[in-house]
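Understanding the architecture of this molecule
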Amino acid sequence: MSPSPHITVSVDLDRIRASAEAIGRATGTAVLAVVKADAYGLGAAEVSHALRDRVAGWCVFRLDEAIEAGLGETGLPTLALGPPEPQRLAEYLQHRVRPAVSSVEAARALRAAGPVLCVDTGMQRFACPPERVDEVIAAGEIREAFTHAVTLQQVEQFVDIAGGRGLTLHAAATALLHEPRARLDAVRPGLALYDQAVRISAPLVEVNESRGPVGYTGFTAGRIGVILGGYSNGLRPGRCVVNGQPARIVEVGMQSAYIDLTGLGARVGDEVVLLGPGAQANDLASDWGTSPHAVLVSLACAGRRVYG
Ligand SMILES: *Cc1c(COP(=O)(O)O)cnc(C)c1O
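Here's a quick rundown of the structure.

**Some words on the overall build of the chain**
- Scanning the chain for helices and strands turns up 11 helices and 17 strands.
- Taken along its principal axes, the extent of the C-alpha atoms in the chain is 75 × 35 × 35 Å.
- With 308 residues in all, the chain has 49% of them scored as buried.
- A separation threshold of at least 6 residues defines the contact pool for the chain, and within that pool the share at least 24 residues apart is 61%.
- As displayed, the chain has an accessible area near 13600 Å², and 50% of this comes from carbon and sulfur atoms.
- Across the chain, the mean location of the 28 positive side-chain charges is 2 Å away from that of the 32 negative side-chain charges.

As structure tokens, then:
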């Protein structure tokens, strides 16, 4: 996917800050902001700069993401959630990145970097099976453990496996923030920080009364608009908003898309909101048949970013 010069991705850093604060208040626990995948496409360097005095630390997937975003310079620790790179101990130390580990070998090799145990409660990837937890903890002199949980039941399973040893424990991502029993010693929100903080839009470059079936698919609409973003920029058919009113992206081409403007008084130059109030990631996830995370990352990379 490549960004379209005609699409604007506006990131509201104040809103992201307010969300981090609200999550900290509501959960009463430490917030580890998940800024992996370039903060879901919103810019890990900018987001971490905005959040550096509001959170307790960062989560990325790979060590290199932390280095590229300069997370070490925030003075806060980073947890790299993905597979560890045992040969890069010096860089973990230099950039204050703690590797997630799930094997004795990685725990031992990275012991000096303060490795964090990843316990398997169902993901069955990059995670330690329950019966090996004790030996990995010993090999890495481990003091902190987490699991990638989707349900409260998995959190409880995690606490059964890793609790009672004086370890710092965390499990909750966005989906479990509302569950008091999932909060433990920290929470790891990603989507909840960014949802509602992004507005993605493109201007109408043409508006036409239709003269019969339109486009590749021959769809019918009374009035059609065109924007200069398409599937090569990550767009897909689904809802959108034009002048505050609900509208629909009905057909997506390589670098342009058709909007059904029937009944709307829209004109050339008016903005089509692709993600924002009235067309949030959750709404689009149901239109697209995917997750809100996939929608956000896809659209965040669709245009050029501006910060407000
Ligand atoms: C991505 C991720 C998160 C954040 O998930 P959200 O649903 O975006 O809050 C938390 N923990 C782990 C292990 C992850 O991989």
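**Comments concerning the sheet that holds strand 9 (residues 186-187)**
- A barrel is described by the order of its strands in space; here 8 strands give the closed sequence 2-3-4-5-6-7-8-9, paired in parallel fashion.
- Sheet analysis places strand 4 (residues 78-80) next to strand 5 (residues 97-101), joined by 3 bridges and oriented parallel. From the neighbouring strand, Leu79 faces strand 5, where its bridge partner is Arg98.

**Things to note about helix 11 (residues 292-300)**
- Taken residue by residue, helix 11 has Pro292, Val295, Leu296, Leu299 and Ala300 as its buried positions. Seen along its axis, helix 11 keeps its buried residues to an arc of 115°; they face one direction.
- Considering only its buried residues, helix 11 is in contact with strand 1 (8-11), helix 2 (36-40), helix 9 (191-194), strand 10 (198-203), strand 16 (271-275) and helix 10 (281-288).

**What to know about the pairing of strand 8 (residues 168-172)**
- Of all 5 residues that make up strand 8, 4 are buried, and the element is covered over most of its length.
- Each parallel crossover has a hand, and for strand 7 (residues 144-146) linked through helix 8 (residues 152-162) to strand 8 it is right-handed.

**With respect to the side chain of Arg188**
- Along the chain, Arg188 falls in the loop between strand 9 and helix 9.
- Buried and unpaired, Arg188 has no salt bridge, with Glu144 as the nearest side chain of opposite charge at 7.6 Å.
- Only 2.8 Å separates the side chain of Arg188 from the backbone oxygen of Thr147, close enough to count as a polar contact.
- There is a polar contact of 3.0 Å between the side chain of Arg188 and the side chain of His170.

Scoring rules and cut-offs
- Residues numbered from 1 in each chain as written.
- Predicted model: local features only at pLDDT ≥ 70, side-chain atom pairs only at ≥ 80, totals over all residues.
- Heavy atoms only, no water.
- Helix = DSSP H or I, 4+ residues; strand = E, 2+ residues; numbered from the N terminus.
- Buried < 20%, exposed > 50% of the residue type's maximum accessible area, 1.4 Å probe, protein only.
- Contact = heavy atoms within 4.5 Å.
- Areas by Shrake-Rupley, 256 points an atom, 1.4 Å probe, with all protein chains shown as cover.
- Lys, Arg positive; Asp, Glu negative; His and termini not counted.
- Charge placed at Lys NZ, Arg CZ, Asp CG, Glu CD.
- Pairing = 2+ DSSP bridges.
- Arc of directions from axis to C-beta.
- Right-handed = clockwise from strand over helix to strand, strands pointing away.
- Salt bridge = Lys/Arg side-chain N within 4 Å of Asp/Glu carboxyl O.
- Polar contact = N/O pair within 3.5 Å; in protein donor to acceptor, adjacent residues only side chain to side chain.

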